[in-house]
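# Coordinate analysis (summary)
The chain contents come next:
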Number of protein chains: 2
Amino acid sequence: MARGKENAAVAVAVAAAPYVMSAALEATKMGIATMILVGDEAKMKNIAKDLDMDLSKFKIVDEPDPLLACKKAVSMVSSGEASSLMKGDIDTSTVMRAALDKETGLRAGKKLSHIAAFETPNYHKMLFATDCAINIAPDFDTHVDIIENAVAALQNLGIEKPKVALMAAKEVVDDKMPVTQEWGKMVELHKSGERMKGCIVDGPLALDNAVSEDACRIKGINSPVGADADILVAPTIEAGNILYKCLSFITKAKNGGVVLGAKRPIVLTSRADTAESKLISIALSVLF
Amino acid sequence: MARGKENAAVAVAVAAAPYVMSAALEATKMGIATMILVGDEAKMKNIAKDLDMDLSKFKIVDEPDPLLACKKAVSMVSSGEASSLMKGDIDTSTVMRAALDKETGLRAGKKLSHIAAFETPNYHKMLFATDCAINIAPDFDTHVDIIENAVAALQNLGIEKPKVALMAAKEVVDDKMPVTQEWGKMVELHKSGERMKGCIVDGPLALDNAVSEDACRIKGINSPVGADADILVAPTIEAGNILYKCLSFITKAKNGGVVLGAKRPIVLTSRADTAESKLISIALSVLF
């Protein structure tokens, strides 16, 4: 896994929970980022004692009130003191409300979207999928934002011209399949040069066309994205979520994910995520 | 892989093509079924010569006209002479038109649906997914047929009470997610005992809940289908197709698929399928 950027810092909103602090410690040990724990310091001290954890590795901001802890963590990101925001032991809606506050939040005028990253020996490079978690039935304009959010993030990883596959159930526009028609229009918009700059967009593509040379060869598909996609764009949250869960739980690919579209990435890992997945998510938030 | 049933026979519509005959030969060698090759016998003889193939392993029905070959193969299945139908070197729509002919075809009053089977070391048993290929945006009634088709097929495999997971992006009914609402109603219909008998249906479930004990434990999900699903039901063709392609091309699970809902299963393997996938599909058509 890549190391964090120099001086990267992650502000953790409501950090006083063992699973949050363990992930933060791991990220610190691996040199990914300075972790700023915002939350109830007394509680943190007790947890550190129980886990035999050295709190001096962290920067700590004492704020026992969870709502205020969220606000403080967000404002540290707004001010540039931290480079990304991480949800701690608090529900997603509370931390997102603070993050999206019109005056003090991290809004950047774009739709928020989730991007997941996967590493598996069965694909020749890191594979990203979006949106698997936030936008339920994205319309055309939301899909443009989702794609642009992902492309900007990958460019920050050093992938200059990410290859974007617009996923459907087949590789040609079909009047009976609205998804394929939307992707046809998306490719036209991309070709016009107005939106989705600095990337290569193609679709509709079935997933096999996006990732497999054999599939492209046998079906005679000659796509600039074929068999070499960086970003898989799902048509709906169901398709995206099933892809995400298939790669994580059946393919057993290493994975992480962050929320894009705000001024800085937001890490929304949950208790259920593996330690590895939490770490990868923190690293991505720093790198994007 | 399971052996075929005794006296099983597969009628291949328009068989005179090397890739079709190779798959048929393999199925014969493995004792899966008697393969009845319907098509241009002269052409078959030439191909057999080129490939050094022994035609005496097959039953051959000489019919050079492709349309008539489709009809003959279908009528052999109708009459019980063959137990399933396989598409040969002909486009899907042509063979399906013959299969669905109102007078001589294989209609059984149900919607047709596709079922795919997967075997991977990452899941503790065979995993089935439906519908990944035929119904584009199935409505409620079509989904009932899709589920019943799959359940009947698995019962024929000896799985007495298949566990059916209705897949969505989350595991609770959510007003903002129409898919979860449909699955909520589906579970109610199942509980009423009127439809989808002889199986256990639960949903909405995210894919991780359907296949992973860890996911169920951590999220506190107590579902009769949780972590042990036999059949994954996709909400749309996009979600199903992406799952199918992910399992086949990224997870690299062994896979096959057939069309259900007609009087007998129909094998629609394409040139692009691997030899193994074609074989599994033929075997499933015999076993279902």
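Our subject is the structure that appears above.
What counts and how
- Residues numbered from 1 in each chain as written.
- Chains lettered and ligands numbered in written order.
- Predicted model: local features only at pLDDT ≥ 70, side-chain atom pairs only at ≥ 80, totals over all residues.
- Heavy atoms only, no water.
- Helix = DSSP H or I, 4+ residues; strand = E, 2+ residues; numbered from the N terminus.
- Rg over C-alpha atoms; globule rule 2.2 N^0.38 Å.
- Buried < 20%, exposed > 50% of the residue type's maximum accessible area, 1.4 Å probe, protein only.
- Contact = heavy atoms within 4.5 Å.
- Areas by Shrake-Rupley, 256 points an atom, 1.4 Å probe, with all protein chains shown as cover.
- Lys, Arg positive; Asp, Glu negative; His and termini not counted.
- Charge placed at Lys NZ, Arg CZ, Asp CG, Glu CD.
- Least-squares fit on C-alpha atoms with pLDDT ≥ 70 in both.
- Expected span 1.5 Å × (residues − 1).
- Disulfide = S-S within 2.5 Å.
- Core = buried A, V, L, I, M, F, W, Y, C linked by side-chain atoms within 4.5 Å.
- Buried area = accessible area lost by both parts, 1.4 Å probe.
- Salt bridge = Lys/Arg side-chain N within 4 Å of Asp/Glu carboxyl O.
- Polar contact = N/O pair within 3.5 Å; in protein donor to acceptor, adjacent residues only side chain to side chain.
- Nonpolar A, V, L, I, M, F, W, Y, C, P; charged D, E, K, R; others polar.

### Remarks on the overall build of chain A
- In terms of regular secondary structure, chain A is built from 10 helices and 11 strands.
- Computed over its C-alpha atoms, the radius of gyration of chain A comes to 20 Å, within 12% of the 19 Å expected for a compact globule of 288 residues.
- Seen through its C-alpha atoms, chain A measures out along the principal axes to roughly 65 × 40 × 30 Å.
- Each of the 288 residues in chain A was classed as buried or not, and the buried ones make up 59%.
- Restricting the contact set of chain A to residue pairs at least 6 apart, pairs at least 24 apart contribute 69%.
- Within the structure as shown, chain A displays about 12000 Å² of accessible surface, and the carbon and sulfur contribution to it stands at 49%.
- Considering chain A, the positive charge centre built from 34 side chains and the negative charge centre built from 37 side chains are found 1 Å apart.

### Let's talk about the relation of the copies chain A and chain B
- Taken as rigid bodies, chain A and chain B are interconverted by a rotation of 180° and an axial shift of 0.0 Å, the fit giving an RMSD of 0.0 Å. What the rotation and shift describe, once combined, is the action of a two-fold rotation axis. When each C-alpha of chain A is compared by its distance to the rotation axis, Ala 239 of chain A comes out closest, at 1.9 Å.
- Looking at chain A, 100% of its interface residues are interface residues in chain B too, so the copies touch through the same face.

### Some remarks on helix H10 (residues 275-287) of chain A
- Counted at 1.5 Å a residue, the expected span for H10 of chain A with its 13 residues is 18 Å, and the 19 Å between its end C-alpha atoms agrees.
- Among the 13 residues of H10 of chain A, 11 are classified as buried, and the element is accordingly described as predominantly covered.

### Some words on the state of the cysteines
- Taken as a whole, this structure holds zero disulfides over all chains when the rule is applied.
- Cysteine Cys 199 of chain A remains unbridged, with the sulfur of Cys 132 of chain A as its closest cysteine sulfur at 18 Å.
- In this structure Cys 199 of chain A comes out as buried when scored by relative accessible area, which is 4%.
- Free cysteine: Cys 132 of chain B, not disulfide-bonded; nearest cysteine sulfur from Cys 246 of chain A at 11 Å.

### Details of the nonpolar core
- Ranked by internal contacts, the top residues of the largest apolar core, which has 55 residues, are Met 35, Leu 37, Val 164 and Leu 166 of chain A.
- Non-local contacts of Leu 166 of chain A, meaning those with residues more than four positions away in its chain, are made with Ile 147, Trp 183, Met 186, Val 187, Val 201, Asp 202, Gly 203, Pro 204, Leu 205 and Val 233 of chain A.

### Looking at the interface of chain A and chain B
- In this assembly, 34 residues from chain A lie in contact with 34 residues from chain B.
- Looking only at chain A, the three residues that lose the most surface to chain B are Glu 238, Ile 242 and Ile 250 of chain A, adding up to 22% of its buried area.
- Residues Asp 208 of chain B and Lys 245 of chain A are paired through a salt bridge, measuring 3.3 Å at the closest nitrogen-oxygen approach.
- Counting across the chain A and chain B interface gives five residue pairs in polar contact (both at pLDDT 80 or more).
- Mapped onto the side of chain A that touches chain B, the elements with two or more residues apiece are helix H7 (207-211), helix H8 (213-219) and helix H9 (237-250) of chain A.
- The dominant element in the side of chain A that touches chain B, judged by the number of residues it contributes, is H9 of chain A, at 11 residues.
- The residue makeup of the side of chain A that touches chain B, split by class, is 22 nonpolar, five polar and seven charged.

### Digging into the pattern of salt bridges
All names here are of chain A.
- Considering all chains together, one arrives at 24 salt bridges over all chains under this definition.
- A salt bridge links Glu 63 to Lys 72; the shortest N-O distance between them is 3.1 Å.
- According to the relative accessible area criterion, Glu 63 is buried, its value standing at 11%.
- We classify Lys 72 as partly exposed; its relative accessible area is 35%.
- Counted as one network, the salt bridges with shared partners bring together Lys 110, Asp 145, Glu 148 and Arg 195.

### Quick look at helix H5 (residues 140-156) of chain B
All names here are of chain B.
- Its 17 residues give H5 an end-to-end C-alpha distance of 25 Å, which sits within 8% of 24 Å, the value for a rise of 1.5 Å per residue.
- A large share of H5 lies buried, amounting to 12 of its 17 residues.
- The inward-facing, buried residues of H5 contact strand S5 (113-119), strand S6 (127-130), strand S7 (163-167), helix H6 (178-192), strand S9 (231-233) and strand S10 (254-260).
- Where H5 ends, the next residue or the one after it, Gly 158, has phi of about 95°, a positive value.

### Some remarks on the side chain of Lys 278 of chain A
Residues and elements named next belong to chain A.
- The residue Lys 278 is located in helix H10 in this model.
- No salt bridge is formed by the buried Lys 278; its nearest oppositely charged neighbour, Asp 273, is found at 6.6 Å.
- Non-local contacts of Lys 278, meaning those with residues more than four positions away in its chain, are made with Tyr 19, Ala 23, Thr 269, Ser 270, Arg 271 and Asp 273.

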